[in-house]
Amino acid sequence: MNCDVHGFTDMHTLITNERKVGGAIEATRIRLSTGEEFTYPVITNVDYSGSTFYSIGFITGDGEHYIVNVHDISMMTSTRHCSVRDLKNSYCKKMKTEQRIDYLKRLCEVNEGSSTSIFLEEVQAILDDIGFEAIESEHELSPLNNKFNSKTIKIA
């Protein structure tokens, strides 16, 4: 994570595989051809038909949802894929953190009493994405904090 996104194909791939790779796509700025400019929008959708991309959806820091034609975008700067905990768009950070916590609760409920390696890897990936601070107030998830947030270092 925390890597640059180089085009609509990268965006579409990351959004399609969001559950596997986690994080979100955030641009420093998007300017539309009308002159409207948005700081730290989070890209939520990229639509295409065949090999032609035609629209992009994003959420602003105020929580406004936009769907615009790609021809209406005059500039996107510093588009990057980052962890949810590293988002600068506070609205999306809160929304995506809540989504991940809800998913984590359901995941733990379904896998109660079982701790397969696939389950443990997915839990670790979610916790790495949202940060351990996000589950501190969640009493149902407190055992995860103890299990995955150990600060002990094993040498040899």
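How each quantity is defined
Residues numbered from 1 in each chain as written. Predicted model: local features only at pLDDT ≥ 70, side-chain atom pairs only at ≥ 80, totals over all residues. Heavy atoms only, no water. Disulfide = S-S within 2.5 Å. Buried < 20%, exposed > 50% of the residue type's maximum accessible area, 1.4 Å probe, protein only. Helix = DSSP H or I, 4+ residues; strand = E, 2+ residues; numbered from the N terminus. Expected span 1.5 Å × (residues − 1). Arc of directions from axis to C-beta. Pairing = 2+ DSSP bridges. Axes fitted to C-alpha atoms, helices over the stretch in contact; angles between N-to-C directions. Contact = heavy atoms within 4.5 Å.

Explain the state of the cysteines here, please?
Note on terminology: a disulfide is the covalent bond linking the sulfur atoms of two cysteines. Overall, the coordinates contain zero disulfides when judged by the stated rule. Cys82 provides the cysteine sulfur closest to Cys3, a residue in no disulfide bond, and the two sulfurs are 9.4 Å apart. Taking relative accessible area as the criterion, Cys3 reaches 36% and is therefore assigned partly exposed.

When you look at helix H3 (residues 90-110) in this model, what are you seeing that I'm missing?
Taking 1.5 Å of rise per residue, the 21 residues of H3 would be expected to cover 30 Å, and the 30 Å separating its terminal C-alpha atoms lies within 8% of that figure. Turning to H3, its buried residues are Cys92, Lys96, Thr97, Arg100, Ile101, Leu104, Leu107 and Cys108. The buried residues of H3 occupy an angular sector of 160 degrees when the element is viewed end-on, so they sit on one face. Opposite its buried face, H3 presents the exposed residues Lys94, Arg106, Glu109 and Val110, each directed more than 90 degrees away.

Explain the sheet that holds strand S3 (residues 29-32) to me, please; I cannot follow it from the model alone.
Note on sheets: strands pair through backbone hydrogen bonds, and any given pair is parallel or antiparallel. What the three strands build is an open sheet, ordered S4-S3-S8; its pairing is antiparallel. If you trace the sheet from one side to the other, it starts and ends with strand S4 (37-39) and strand S8 (73-77), each paired once. Put simply, the sheet's adjacent strands are angled 10 degrees from each other on average, direction ignored. Relative to S4, S3 runs antiparallel, the two being bridged by three bridges. Looking across to S4, one finds that Arg31 is bridged to Glu37.

What is the right way to look at the sheet that holds strand S5 (residues 42-49) in this model?
Strand order in the open sheet made by the six strands is S1-S9-S2-S5-S6-S7, with antiparallel pairing throughout. Here the strands that pair on one side only, and so sit at the sheet edges, are strand S1 (3-4) and strand S7 (65-69). The pairing of strand S2 (residues 24-26) with strand S9 (residues 80-82) spans three bridges and is classified as antiparallel. Note on S9: the bridge partner recorded for Glu26 is Arg80. On top of the sheet, helix H1 (residues 8-16) reaches S2, S5, strand S6 (52-59) and S9; it is set at about 110 degrees to S5, its chief contact. Against the sheet, H3 engages S2, S5, S6 and S7, with an angle of about 90 degrees to S6.

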